[in-house]
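Analysis of the macromolecular model
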Amino acid sequence: MKNRIIKNLAIATLMLSSLTSCQDFLNRPTEDSYTIDGFYKTDEQCFQSVNTIYNSPWYDFQRGFIKIGDVLAGNVYYGTDNVYQSFVLKSNDADIANASASLWSVNAYCNGIVENIDLKAGPNVTLATKNTVKGEALTWKAMAYFYLVRCFGAVPIIHNNAALISSNTYNNVYKAPESDVYTYIVKTLEKAIPMLPETNAPGRIDRYSAYGLLAKVYLAKSGLDGDTIAHTRSQADLDKAAEYAAKVIDESGRKLMPVYSDIFRLANNFSEESLIAWHWTVGAQWTSQNTFQSDLALNNFSEFADTWGTWVGLTIDLEQAFGENASSLTRVNTDARRKATMMMQGDHYEYFWQDKGGFDYDWTKATAQGITYGSPTGSNLVKNIVGDNYDHQQGSGMGMARMATALSTHLLRLADVYLIYAEAVLGNNASTSNSKALKALNDVRARSIKNYVPVTSFNFDDIFKERRLELACEGDNWFDYVRLSYYDRAAAANRLAAQERGYWNNLDGWYKGVLANNSTVTIGTWKVNASDVEFRIPFPDTDLAMNPHLSQDPVPFNFSTIGY
Amino acid sequence: MLLTGFGTICAQSLSVSGVVTDAGDGSPIPGVSVLIKGSVKGTMTDANGKYAMKVNQGNTLVFSFIGMDKQEFSARAGVLNVQMKSDATMLSEVVAIGYGTSRRSDLSGASSSITTEKLKASVITNIDQALQGRAAGVTAVYTSGQPGSSVSIRVRGQNTINANAEPLYVIDGVPVQMIGHSGSSFGLGDALGNGATSTVSPLSTINPADIINMEILKDASATAIYGSQGSNGVILITTKHGQKGEAQFSYEGLYGTQRQARRLDVLNLKQFAEYSNEMAAETAGREGRVEFLDPSLLGTGTNWQDAVFQLAPMQTHTVTASGGSDAVHYMVSGSYMDQAGTVVGTTFNRVSFRTNMDAQLKKWLKLGLNLSYAKTAERLGLADSDEGIINTALLSTPDVPIYDMYGNYTSVSRQDVASRINPIAKALDEDNLLNRNKLIGNIFLEATLIPGMVLHSEFATDLNGSQAERFRPIAKYGSWSRTINSDVWQFNDNYFWQVKNYLTYNKNLGLNKMTLMLGQETSEGGWKYLSGASTGLPDNSIHNPQLGSDFVTGSGFGSNSMVSAFARGSWNYNDKYFATYTFRMDGSSNFGPENRWAPFHSMAASWRLSNEDFWSSIIDQVSNAKLRIGWGQTGNQNIAAYSWGAAISKMETGLGQGYRQSNIANPYIQWETQEQVNLGLDLTFLDKRFDLVVDMYDKVSKNMLMPLQLPSYMGTRGNVSSALGAPNGNYGTIQNKGLEITLTSHNYTTKDFSWDTDLQLSFNQNKLVALDGTDNAAIEGYGQWTDVVSRTEIGQPLYNFYGYVTDGIYQDLADIQNSPAVRGDGKYSRTGTVYPGDIKFKDISGPNGIPDNKIDEYDRTNIGSPMPKVTFGFNNSIRYKNFDLNIFMSGSYGNKVYNYMAMNLSSQKSIWNNQLAVVNNRAKLEPIDGSIVYPYVNSTGETINNWFDDIDNVRVSNPGTKTPRAIQQDPNGNTRISDRYIEDGSYLRIKNIALGYTLPNAILKKCHIQTLRVYANIQNLYTLTKYTGFDPEIGVSTASTNVYGLDNGRYPSPQVYSFGVNLTF
């Protein structure tokens, strides 16, 4: 009896003391993926780390991209009551919050990549790779800040996210003045440029991508001195813009694509013309994909019931800028960019719906096509649109999916740099006949205009309009107005106020053949008040609530803290 | 041993036998313990209540049974029949505590029981549903009325910001794994909403009919033994076990019908036509619709609410066999449940088995096995969302039929273009399927090493598997079409095992009784998933992703582990003074080497005043009085694994594979710890007629685990698939203070008639005490997407709604000019700016914290708390002869509901949306001076074409209205988040009325039936509330975290009319 008790007690003690080798048992880092300590060990892994900056963190910016870049600019029509079209933006606007979240996450990821490459890269990673990867990340960071400063104006400079968190000061930061943000962008690009190779793998940022961006930054910065009453731009900045743009034009070896509409086709995602682009894919992970087609394409344009852009038109003002009149059934078609930018009644697109012999933008065929027509301005978007599943397979070898295409979004094109050069050379002059500037402008125009006769001089209106025709619907045109507003706010506002942002009456009946003639097809005119135009988008209200400093005046940034 | 042996030999000369019956209904009671007083010698009654044993002259026999008054008789030879009375005070009841049992009378902590009788009074399909209104201190809110859906349980308030604030459930000692239950974690993507919680319940895989008792451990002294898992409260569930005797079979069956009783008052066709015509006239740029020219010719049109709600049958059947020999007891049950949802397209069914066995292998060694398997199949729908079926149905206009003339689904169209998918088609054609398997059980040995010392060694496991499928068919509904289908499957596999050993030692030293417990536990859990998705399957008939193109797979796995040691000591002095000390040490893999281990202590003491001599003068009036006090610590470790480091995750890109840092690491992350003080009083008074339990508590959760709330410039906001993950860490402090009252009253008790009443009242006050960051740090919750609807500020209760305060309607230009400025430069336009008829908002504050006479985002403020001040349950049990009637009411008081659904339903922004009938009383404009002839050139030289465009000449014709004017796009932001949509969420619900009849024994005996009870039950018969939506019981949001009480089309809880049978033979 007693023995049994002792034996049992011994077993019990053994069992109670059988605490396993706890530390091993309890140490469980992520098991099905890498950790930052185990990654960045090869060149390929380092490149893979920066690949992600070419798509996902930008995803949330997509909807705001067109609304800010082209609806505010008066190129894209979302309805006269749309807050972007009518300039009644509020700080609780979801697209603004998303755009802001997206741009800041790009900055955070880029900061992280630079830090991780510095601290974690393995001994087998070459210096060239480290430099290239950091250079790409810094250029993307500059790009994000360039959007931030042009959208929101003064914004905080977040140079090291981890440091702000560990010092618990993330809610104490102040906005930096716009001029400091531009200085920061310039410094970031100057840091990136020597790290970047002259040529890089297709689609990746190279040294000339950064030069091109730097030229554009200097051009914007040239007018910014805090005074928005009409004044001249900084000649030093204009010279820098011209210098860097010239480097791209003369030294990069890149050429304009011969056919304008080819730039926006899936097969040309990595074209020479494209200096900086988002490179999407159709992947299992949400945010890896391009979703523009859903917002912008005609309803039922693809097979996935995932397009709802029927009522998103091009403004009558842009139609007129291209010399088109939607109330007529015939097109003038002098400028190839018109058809590559906007579909109008009677247009035929061989590159959309290739499996069905091409796509006819024809309101009378609505039923046969299963397409819904209804744009109040008589036109719909062409850029950012791929077509149907067959077109996607032809262009990329893979199918699309619901709200997902792989079409790259070009943020900085060679033609843009040509026009930057022309504008920088024109500078504060009323007009110029500088031959190199003329060549840049004429090269861009000659590509698209039938029977083109080169111009022999140009003024600011010419270049401003050319940029609009060349870059409409690429999310960029609004920033031309922002740039102008830096040194002549009234001029920028008046240009916007002069735009016809209205709609056509009775277009539906006319296009569908219900009306015998177009006598009742009239413009329902709608314009904005110059005084309602704001050139800064309100900061998202979540941030204002968390950090009251954001509602206060900007505080100059201490550049000695960043190390370059 | 020798002494006992001697006694055995020379005593026991008398034979005594008899039957023990229930004094209440005369039925025999099996399993009554019959002991010789002062010894462990005795027997138990058999299945027929009979016993027989040998006793000694002069012995006293003690008859005892759980829930019955103990009875003592002097032993004598012959027949001794005993009637046992139910123990009104329940003092002698043995209740489950962590890692053991205790007499209720010995407890010093705060816990409540839910017995099988209470479980049976309601129609419940998930065990968590049983908790509503049944236990003080427990708030139980149905997340949805969908079959099988979850109930959010909060024990003593919301203690954490974590998505998982649910208590720990322990079934027969096995902790139930609350594996991630968001729709996306099952592989259903956003089909069930985007929140961290969904309506799918981890507990719906457990058959509630197997349960005999639920014990809710509330204060820290009770839960501390669960250490790092105890801070949200612990619910101990005991399932039925067999008793010695011949096999006993029982059948419990129920058949019911469910319906949605309430309909919202939306416009019918005639009203909608009138509204559309007026809208076209009142808003700019839109033409009226020709088909609505004469609304008087129109009927009522399509009632989409009637179309999406259906009468839904439900049935459950459980068969149980139980019994046993001296050494082996068994209970085996099988059950089937099938329930359709009251919203079309939703169903739930479950098949489950349970086996509970225990065997006395040797005198000193006992073996136990509890095993349960369940298989569930669900067809789920999305209700609570802008895209949900309830919203879609309500917004669908009455001029659209459900089917076209060929019997195909239509679509809600706008100029021949589908603006909204047909809600019926969406609900019935799009599949969201979830099949789950669960095996949960344990096997244990209990060895009595020396008298009073028991070693319990146990292996427990909980295995879960699921298969989810999302199928989107090729479809054409009117002008809405989808020409490529898609199919996604996901398999999840989760395992959990636990080994625990604990030694319990009971020792009586005179008046001192002591229990010591020492234990150890090791557990590991893990998960795996594999998914496959494709598009373009040949047709809709075969749902196999392999048949489609662009096949995409996904996979992942992970695990976590925990090692613990624990100890408890309890002391009882003469049933007057009680004390308990508990200690637990946990090590968890969720934390880094810096902070992996944490200790948890608790202490409690109580004093039974009624056992003191000085009490004897009032013992007849107050038969039991006990004061309890306790303090303790518990923890919470519910965070994602590896928050202490930074993982790399994959992202495909147009440049090839990409890998990126997923989150910002926090190596110092540690346990969330909670400290709680509890003060309690138990009273039994007035001839045992009343039982009163009062508890007061104050608990503080520190180092709250949560993602750091960062402004967007830190890069951690936006789409979770694209943003950098904010660091998880210990960032806040929450306090909950409260009072709980349970009053049980035996109003009337006779042989033929009895009436008992239970009342539970729970008061809780909740406050965010501190949060990391600046004074302005706050926790935000969002509505459907990025719209801030709740904001938890320091010093305020959690999840306060946050928005603007309305101040009536602008009557005319002067009213606008005399009110705080909105936007603009003094120019007004009907379509682009504020205008008479718009909502006036209050100027609360400005950039400097003081009102600035401007309406902007600084004017948002706390507009109400979704947290109830009081929740209550009130139960009446009445028995008359063989009839029993149970009426149970529950409710909450003082909480606000945000009627998010009403924002779109009264926005008047689009004539393609149906609206609530309140829009008929919207602000309408009229000319002040009807004599002005337009076009008219005003003083500033502007030509005005119509009187309604002339702001100088318009005013609201119905000044008393609260609904703003109709205007496309809403330039004034009338639909912004504001107190316009805040409603009183208080309610009193007649939760259950159950009427039962137990057939008389005389009749049953002839049919060899032991008991037969038939009953009818009505659930949710009536709800008294001011809330204008379907159902004021909203609970946690399935759309976003940190939001509570937001109704965006929550699936309303149905009324259930049911009929059931309980049969034992």
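Calculation notes
One numbering rule holds for all chains: residues counted from 1, following each sequence as written. In the order they appear in the text, chains get letters beginning with A and ligands get numbers beginning with 1. The predicted origin of the model limits local features to residues at a pLDDT of at least 70 and limits the giving and counting of side-chain atom pairs to 80 or more, whereas totals for whole chains, interfaces and linings rest on all residues. Side-chain calculation: all heavy atoms of the structure are included, whereas hydrogens and water are not. The secondary structure listing takes helices from DSSP runs of H or I that are at least 4 residues long and strands from runs of E that are at least 2 residues long, numbered from the N terminus. Between buried and exposed lies partly exposed: a residue is buried under 20% and exposed over 50% of the maximum accessible area for its type, with that area taken using a 1.4 Å probe on protein chains only. What makes two residues a contact is simply this: any of their non-hydrogen atoms within 4.5 Å. What sets the accessible areas is the Shrake-Rupley method with a 1.4 Å probe; for residues, cover comes only from the shown protein chains. For the charge count, each Lys or Arg is scored as positive and each Asp or Glu as negative, with His and the chain ends excluded. Here the site of a charge means NZ on Lys, CZ on Arg, CG on Asp, or CD on Glu. Throughout, an axis means a line fitted to C-alpha atoms (over the contacting stretch in the case of helices), and angles, computed between N-to-C directions, take values from 0 to 180 degrees. By the definition adopted for this analysis, an angle is roughly parallel if under 35 degrees, roughly antiparallel if over 145, roughly perpendicular if from 65 to 115, and oblique otherwise. Working rule for handedness: look at the near helix, and if it is turned counterclockwise from the far one by less than a right angle, call the crossing left-handed; if clockwise, right-handed. What makes a salt bridge here is a side-chain nitrogen of Lys or Arg within 4 Å of a carboxyl oxygen of Asp or Glu, nothing more. Residues enter a nonpolar core if they are buried and are Ala, Val, Leu, Ile, Met, Phe, Trp, Tyr or Cys, with the set joined through side-chain atoms within 4.5 Å. Domain boundaries shown here were taken from an automatic or database domain assignment. Whenever a nitrogen or oxygen atom comes within 3.5 Å of another N or O atom, the pair is scored as a polar contact, on the condition that within protein one atom can donate a hydrogen and the other can accept it, and that pairs from neighbouring residues in sequence are kept only if both atoms are in side chains. What counts as a ring pair is set by centres within 6.5 Å for rings of Phe, Tyr and Trp (its six-membered ring), and what kind of pair is set by the plane angle: stacked under 30 degrees, edge-to-face over 60, tilted for all other angles. Two conditions define a charge sitting above a ring: the NZ of Lys or the CZ of Arg must be within 6 Å of the ring centre, and it must be within 35 degrees of the ring normal. DSSP-based pairing: two strands are paired if at least 2 bridges between them are found. Values labelled buried area give the accessible surface lost by two parts on being combined, using a 1.4 Å probe and summing over both. Each residue is assigned to one class: nonpolar for Ala, Val, Leu, Ile, Met, Phe, Trp, Tyr, Cys and Pro, charged for Asp, Glu, Lys and Arg, and polar for all the others, Gly among them.

Re the overall build of chain B
For chain B, the count of helices and strands is eleven helices and 59 strands. C-alpha atoms of chain B, sized along the principal axes, occupy 125 × 70 × 65 Å. Here chain B, with 1065 residues, has 57% of them falling under the buried criterion. Intrachain contacts of chain B at a sequence separation of at least 6 include 70% that bridge at least 24 residues.

Structural notes on the overall build of chain A
Counting secondary structure elements, chain A contains 22 helices and twelve strands. Taken across its 564 residues, chain A has 64% of its residues classed as buried. Pairs at least 24 apart in sequence give 73% of the contacts found in chain A among residues at least 6 apart. Surface accessibility of chain A: about 19100 Å² in total, with carbon and sulfur atoms responsible for 52%. When the 50 positive and 61 negative side-chain charges of chain A are each reduced to one mean point, those points stand 4 Å apart.

Details of the packing of helix H17 (residues 435-448) of chain A against helix H18 (residues 460-471) of chain A
Residue and element names in this part refer to chain A. Following both chains from N to C, one finds H17 and H18 inclined at 40°, their axes separated by 11 Å at the closest point. Considering their axes alone, H17 and H18 lie oblique with respect to each other. Crossing hand, H17 versus H18: left-handed. In this structure, H17 uses Leu-441, Val-444, Arg-445 and Arg-447 to contact H18, whose residues at the interface are Ile-463, Glu-466 and Glu-470.

Observations regarding the side chain of B:Asp358
Residues and elements named next belong to chain B. Considering the arrangement of structural elements, one finds Asp-358 in strand S21 (residues 347-362). One buried charged residue, Asp-358, forms no salt bridge at all, with the nearest opposite charge on Lys-366 at 4.7 Å. What Asp-358 contacts, discounting residues up to four positions off in sequence, is His-241, Ala-327, Val-328, His-329, Lys-366, Leu-367 and Gly-368.

Quick notes on the nonpolar core
Counting 193 residues, the largest nonpolar core has A:Trp58, A:Trp140, A:Phe359 and A:Trp478 as the members making the most contacts within it. Considering each element in turn, this core owes the most residues, 14 residues, to helix H6 (residues 127-152) of chain A. A domain split of this core shows at least three residues from each of domain 1 (3-206 + 535-561) and domain 2 (292-405) of chain A. Once you skip the residues sitting within four places of it in the chain, A:Trp478 turns out to touch A:Ile68, A:Gly69, A:Leu72, A:Ala73, A:Phe87, A:Leu496, A:Glu534 and A:Phe535. With 44 residues, the next largest nonpolar core counts B:Val308, B:Ile421, B:Ala902 and B:Ile982 among its residues.

Notes on the domain arrangement of chain A
Residues and elements named next belong to chain A. What the domain assignment reports for chain A is domain 1 (3-206 + 535-561) and domain 2 (292-405). On the domain 2 side, the residues contacting the nine residues of domain 1 number 15 residues. Between domain 1 and domain 2 we count one salt bridge in total. Taken together, the links from domain 1 to domain 2 amount to five residue pairs in polar contact (both at pLDDT 80 or more). Mapped by element, the contributors of at least two residues to the side of domain 1 that touches domain 2 are helix H4 (62-71) and strand S1 (76-77).

Considering unusual backbone geometry
Backbone torsion omega between B:Tyr934 and B:Pro935 reads -5°, so that peptide bond is classified as cis. On the secondary structure map, B:Pro935 appears in the loop between strand S52 (925-927) and strand S53 (936-937). Its identity is not glycine, yet A:Asn300 carries a phi of approximately 70°, on the positive side. Tracing the sequence through the fold places A:Asn300 in the loop between helix H11 (292-296) and strand S3 (313-314).

Re the packing of aromatic side chains
Residues and elements named next belong to chain A. Using the criterion set out here, one finds 77 aromatic pairs over all chains in the structure. Seen from their ring centres, Tyr-184 and Phe-557 are 6.1 Å apart, and the 65° between their planes marks the pair as edge-to-face. Placement of Tyr-184 in helix H8 (residues 178-195) and of Phe-557 in the segment after helix H22 (541-546) is noted, with a sequence separation of 373 residues between them. Overall, the relative accessible area of 0% leaves Tyr-184 in the buried class. Judged by its relative accessible area of 19%, Phe-557 falls in the buried class. Through a chain of ring-to-ring contacts, three or more aromatic side chains come together here, namely Tyr-54, Trp-58, Tyr-59, Phe-61, Phe-65, Trp-140, Tyr-147, Trp-278, Trp-280, Trp-286, Phe-292 and Phe-479. Between Arg-150 and the ring centre of Tyr-147, over which it is positioned, the NZ or CZ distance is 5.2 Å. Across the ring face of Tyr-349, the terminal group of Lys-339 is positioned such that the distance to the ring centre comes to 5.2 Å.

Side note on the pairing of strand S1 (residues 14-22) of chain B
All names here are of chain B. Strand direction decides the pairing type here: S1 and strand S4 (residues 50-55), joined by six bridges, are antiparallel. Within S4, the position partnered with Val-19 by the bridge is Lys-50. Alignment of S1 against strand S7 (residues 78-79), held across two bridges, turns out to be parallel. Within S7, the position partnered with Ser-17 by the bridge is Val-79. Bridging between S1 and strand S8 (residues 82-84) involves three bridges; their strand directions are parallel.

Overview of the interface of chain A and chain B
For interface size, the figure often reported is the accessible area lost on association. Each partner contributes to the interface: chain A provides 99 residues, whereas chain B provides 99 residues. Taken together, the two surfaces of chain A and chain B that pack against each other cover about 8600 Å², and 58% of this comes from carbon and sulfur. On inspection of chain A and its partner chain B, the count reaches one salt bridge. The shortest N-O distance in the salt bridge between A:Arg28 and B:Glu524 comes to 2.7 Å. Elements with a contribution of two residues or more to the side of chain A that touches chain B: helix H1 (2-17), helix H2 (22-26), helix H3 (43-51), helix H5 (94-120), helix H7 (161-166) and H22 of chain A. Looking at the side of chain A that touches chain B element by element, the count peaks at ten residues for H5(A). In terms of residue class, the side of chain A that touches chain B is built from 46 nonpolar, 41 polar and twelve charged.

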